[in-house]
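Report on the structure
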Amino acid sequence: MLHQNSNNLVSTIIFPIGYTRKNPMDIPEASNHQWSEDDESFLTDPELLRDQLPQPFRMIDKVLDRLLDMAWDTISKRESARVAEESKKKTPTLELCGAAQLPESTNCLACSEDGRYISMGHSQGLSVSCASSLICVSAWLQDRLEITSIHMTCMGERGYLLGTVDDMGVARVFAYHTESIHLLKVINDTEDINQRSICLTFELSKGGDYGAASISCNGALWLEVYRFPLEAWLKDLELNPSGVVDVKWSPAAVLMKIKPPKSLAGTTLKSPLEVLQRTDCGIVFGSGQNHTISSRQWEEQEAVFRSTYRKYISTDTDEAKETDESPRHCTKHFLLPCGLSPGLSEAKSQPGLPVAVCVWWSDSHNLLQYLLCRAPKDKPDVEPVPDVLWPNAHEILCSAVSSCTRYIALGLDAAVVTVWDRQLGLPLSVVLVSAADSAFTRMLFLDYRPVSAEESLLSQALTPAKVHLLVVCKSGATHVLTTGRGADSCATQLTERPKDSGGLPTVIAPVPFLQGLSLVAQKNGKMFLQDVIHKTTVCYLIPPTTRLLATPWDPVYALDIKQQTLFIRGDQNPSHSDSLTGDCQSQLFILRFREAAIIEPYIVALPDSPTQQTGMSFVALEEACNLYLQQRVLSVDERNKALTQTWKQLQEHVVTV
């Protein structure tokens, strides 16, 4: 028993009567070293340093050291046993098969939705090959033109549309029809070199009805959205056989030209009456882009903010200048009809046709949504007004849209993930990833449980389905988020930060036809399938010994969802002995997942159409309204409970204040 007097000067150990001191842990006896005023040997001798402590602290210190040593030895033995056990469980491997030679400097691959063709962009143009035999069926070649990005989609049942970007920043639209490739339109070609614009990204919507191109010119950046005349192009293709030069194709219309939102400035309106009169002109009121705050009010608010948070605000002018001059970029997603979203009446005949495009800009807090059903304007330079605005409390860093486009996930700069439900127009959940050790870089939906066609529309809508997200941090760590309406949200760490740069993931892509699996490629050239639900590595994908994964920092690959096949480029292994005499040309490797026994338990059947997969596309506004009202009736108890809890918290807050 430890006893300490009231003056905290003397401490003694009192043992019960009849107690016989034993030393089961071999505790050293107290030292009898006599210290002098000039003796400084304890500065170099740790044992003497501990011996200068008065009793009983000297003995307690030694007892704790022995306990810690014993605990550490036990932990080390257990960790060694765990590592040895895991080493016995060898992860299986699947070897990629070399199928065909690739054109020189193949930079990108893309598959058609029906699984029939695969397109390749290379240093001489582009080629289209049969996905089953890998025989080239057509090519469009041009000297000194290198395609760096390619998209491919079905254009009805008679042709395919291809969107490309070359190394000079020029975007083009091609059509593959009757075993021929035709150049339909050049997006940003100009003869004036001083006014030359550069296309940063170019993307086609599924079906090819729309296209979106990010354009940069003389420091300015904007997004151009096009509507393509597919029916007219198909007629032109049937009337113009292959080999015909200088064909005048039907023109594509610029639907809108979206520019980055301007900085908020004071309004020129002088009275509330003028504000009410301006709201009749169709501007977005209350979105933050149009407001009635005067310049003086902005200045006063800025002064109050800076005085309150002066110590948190950086005063480095160079850093602020660098931030202001950093290049901006935009991210866009095409959206299908969903719930009460606008544009449903225009999409009755084509339920799979996109009705809107959502856009967010770097250094922005807002997600802007623009309808695609509007008629093309005679003046495309007129900036359109967003039809819907999704506000967020922090800056947006990355985004993802589910395959059914019902859910939109946004990764914010405060380690927060917000998931919006487009059907109800409300946030599905807000999840804090507290373990995130760096900013988010990308995210993707894990649609590992496809909805079967047998499930009814009402049961799908009323059952709170869980949503799974994979979030990737800048450090290389990954997290899995599980959330849903009426369900508890949780964030778990899937992988930790890699020990070296070689373990950084360069590709993390969902595999829709494999339940809960994602395709991961690392900077060191390793590629594997990972079970994100159970946090295990299913198998490694390895090329032959004479080949290596080409450009592991940016792999060239494509997933054929229809045929459940992976296509990936492989280069010659320079360290192999046969590389000196073998062919140094790149090869296209394939992996057919249906033929691998280890993958068979994960394969699931996918619905054929987006309407079967989501069950949320309605042919009439009345159906959407009826479903919404049914959901409100079923959730009345939950909403009343939440309202009661809110009032209780307010009352408690008032009492404490």
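Thresholds, definitions, all that
Residues numbered from 1 in each chain as written. Predicted model: local features only at pLDDT ≥ 70, side-chain atom pairs only at ≥ 80, totals over all residues. Heavy atoms only, no water. Helix = DSSP H or I, 4+ residues; strand = E, 2+ residues; numbered from the N terminus. Areas by Shrake-Rupley, 256 points an atom, 1.4 Å probe, with all protein chains shown as cover. Buried < 20%, exposed > 50% of the residue type's maximum accessible area, 1.4 Å probe, protein only. Pairing = 2+ DSSP bridges. Phe/Tyr/Trp six-rings, centres within 6.5 Å; stacked < 30°, edge-to-face > 60°. Lys NZ or Arg CZ within 6 Å of the ring centre and 35° of its normal. Axes fitted to C-alpha atoms, helices over the stretch in contact; angles between N-to-C directions. Patch = residues over 30% accessible without salt bridge, like charges linked within 9 Å, V, L, I, M, F, W, Y side chains within 5 Å. Salt bridge = Lys/Arg side-chain N within 4 Å of Asp/Glu carboxyl O. Contact = heavy atoms within 4.5 Å. Polar contact = N/O pair within 3.5 Å; in protein donor to acceptor, adjacent residues only side chain to side chain. pLDDT = per-residue confidence, 0-100. Disulfide = S-S within 2.5 Å.

1. Re the overall build of the chain
- Scanning the chain for helices and strands turns up 10 helices and 36 strands.
- Surface summary for the chain: the accessible area is close to 37,600 Å², and the carbon and sulfur share equals 53%.

2. Some thoughts on the pairing of strand S36 (residues 587-592)
- Within S36, 5 of the 6 residues are buried, which leaves it mostly tucked inside the rest of the structure.
- Of the strand pairs in this sheet, strand S4 (residues 97-101) and S36 are connected by 4 bridges, and their pairing is antiparallel. Across the sheet, the residue bridging to Cys-97 is Ile-590, located in S36.

3. A word on unusual backbone geometry
- For Leu-134, which is not glycine, the phi dihedral falls at a positive 60°.
- Turning to its location among the elements, Leu-134 is positioned in the loop between strand S7 (125-130) and strand S8 (136-141).
- What makes Leu-134 buried here is its relative accessible area of 14%.
- In this structure, Gln-564 is a non-glycine residue whose phi angle is positive, near 55°.
- A relative accessible area of 11% places Gln-564 in the buried class.

4. Considerations on the packing of aromatic side chains
- What the rule picks out here adds up to 9 aromatic pairs.
- Seen from their ring centres, Trp-390 and Trp-420 are 5.0 Å apart, and the 75° between their planes marks the pair as edge-to-face. One end of the pair, Trp-390, is in strand S20 (residues 388-391); the other, Trp-420, is in strand S23 (residues 416-421), and 30 residues separate them in sequence.
- By relative accessible area, Trp-390 is classed as buried at 6%.
- Relative to Tyr-540, the ring of Phe-528 lies with its centre 5.5 Å away and its plane at 65°, an arrangement referred to as edge-to-face. In this pair, Phe-528 sits in strand S31 (residues 527-531) while Tyr-540 sits in strand S32 (residues 536-542), placing the two residues 12 residues apart along the sequence.
- These aromatic residues form a ring-pair network of at least three members: Tyr-117, Tyr-160 and Tyr-176.
- If you follow Lys-257 out to its NZ or CZ, it ends over the ring of Trp-222, 4.3 Å from the centre.

5. A short note on the sheet that holds strand S29 (residues 505-510)
- The strand order across the open sheet formed by 5 strands is S3-S32-S31-S30-S29, and the pairing between neighbours is mixed. Each of the sheet's edge strands pairs with one partner strand only, and the pair in question is strand S3 (93-95) and S29. The average undirected angle you get between the axes of adjacent strands in this sheet is 25°.
- Pairing between S31 and S32: 4 bridges, direction antiparallel. If you follow Gln-530 over to S32, its bridge partner there is Thr-537.

6. What to know about the pairing of S29
- Burial runs high along S29: 5 of the 6 residues are buried.
- Both S29 and strand S30 (residues 517-522) contribute to a ladder of 5 bridges, which runs antiparallel. Directly across from Pro-510, in S30, lies its bridge partner Ser-518.
- Adjacent in sequence and paired antiparallel, S29 and S30 are bridged by 6 residues, among which Gly-516 carries a positive phi angle near 70°.

7. A few points about a nonpolar patch on the surface
- Taken together, the side chains of Phe-57, Ile-60, Leu-64, Leu-67 and Met-70 define a hydrophobic patch exposed on the protein surface, amounting to about 460 Å² of accessible area.
- Tracing the backbone shows Ile-60 in helix H2 (residues 57-88).
- Classification of Ile-60 as partly exposed rests on a relative accessible area of 32%.

8. Re the environment of Ser-399
- For Ser-399, the location among the structural elements is in strand S21 (residues 396-401).
- Sequence separation of Ser-399 and Ala-409 is 10 residues, and the distance between their C-alpha atoms is 5.5 Å.
- Apart from residues lying up to four places away in sequence, Ser-399 is in contact with Thr-331, His-333, Trp-360, Ala-409, Leu-410 and Met-443.
- Within the local environment of Ser-399, its side chain forms a polar contact with the side chain of His-333, the two groups lying 2.9 Å apart.

9. Comments concerning the confidence of the model for the chain
- Taken over all residues, the pLDDT of the chain has a mean of 77, while the share at 70 or more is 70%.
- Within the chain, strand S5 (residues 108-111) carries the highest mean pLDDT (96), whereas strand S2 (residues 11-13) carries the lowest (40).
- Note on residues 1-25: pLDDT under 50 across the span, and 22 contacts to partners over four residues away in sequence or across chains.
- Counted against residues more than four places away or in other chains, residues 609-619, with its pLDDT under 50, gives 34 contacts.

10. Quick word on the state of the cysteines
- Taken as a whole, this structure holds 0 disulfides when the rule is applied.
- Here Cys-473 stays unpaired: no disulfide links it, and the sulfur of Cys-398, its closest cysteine neighbor, is 9.0 Å away.
- Note on Cys-473: relative accessible area 2%, which makes it buried.

11. Focus: the sheet that holds strand S6 (residues 117-122)
- With antiparallel pairing, the 4 strands of this open sheet are ordered in space as S5-S6-S7-S8. The open sheet has two edge strands, S5 and S8, and neither has a second partner. With strand direction ignored, the average angle separating the axes of adjacent strands in the sheet is 15°.
- Here S7 runs beside S8; their pairing, made up of 5 bridges, is antiparallel. Note on S8: the bridge partner recorded for Gly-125 is Leu-141.

12. Digging into the side chain of Asp-166
- Here Asp-166 shows up in strand S10 (residues 159-166).
- The class for Asp-166 is buried, based on a relative accessible area of 6%.
- Here Gly-169 takes part through its backbone nitrogen, which lies 3.0 Å from a polar atom of the side chain of Asp-166.
- Within the structure, Asp-166 has its side chain in polar contact with the backbone nitrogen of Val-170 (distance 2.8 Å).
- If sequence neighbours within four positions are ignored, Asp-166 has contacts with Leu-145, Glu-146, Ile-147, Thr-148 and Arg-172.

13. Some points on the pattern of salt bridges
- Enumeration according to the criterion identifies 3 salt bridges in this entry.
- The salt bridge involving Arg-172 is made with Asp-166; its shortest N-O contact spans 2.8 Å. The pair formed by Arg-172 and Asp-166 is uniform in burial state, with each residue classed as buried.
- A salt bridge links Asp-421 to Arg-406; the shortest N-O distance between them is 2.9 Å.

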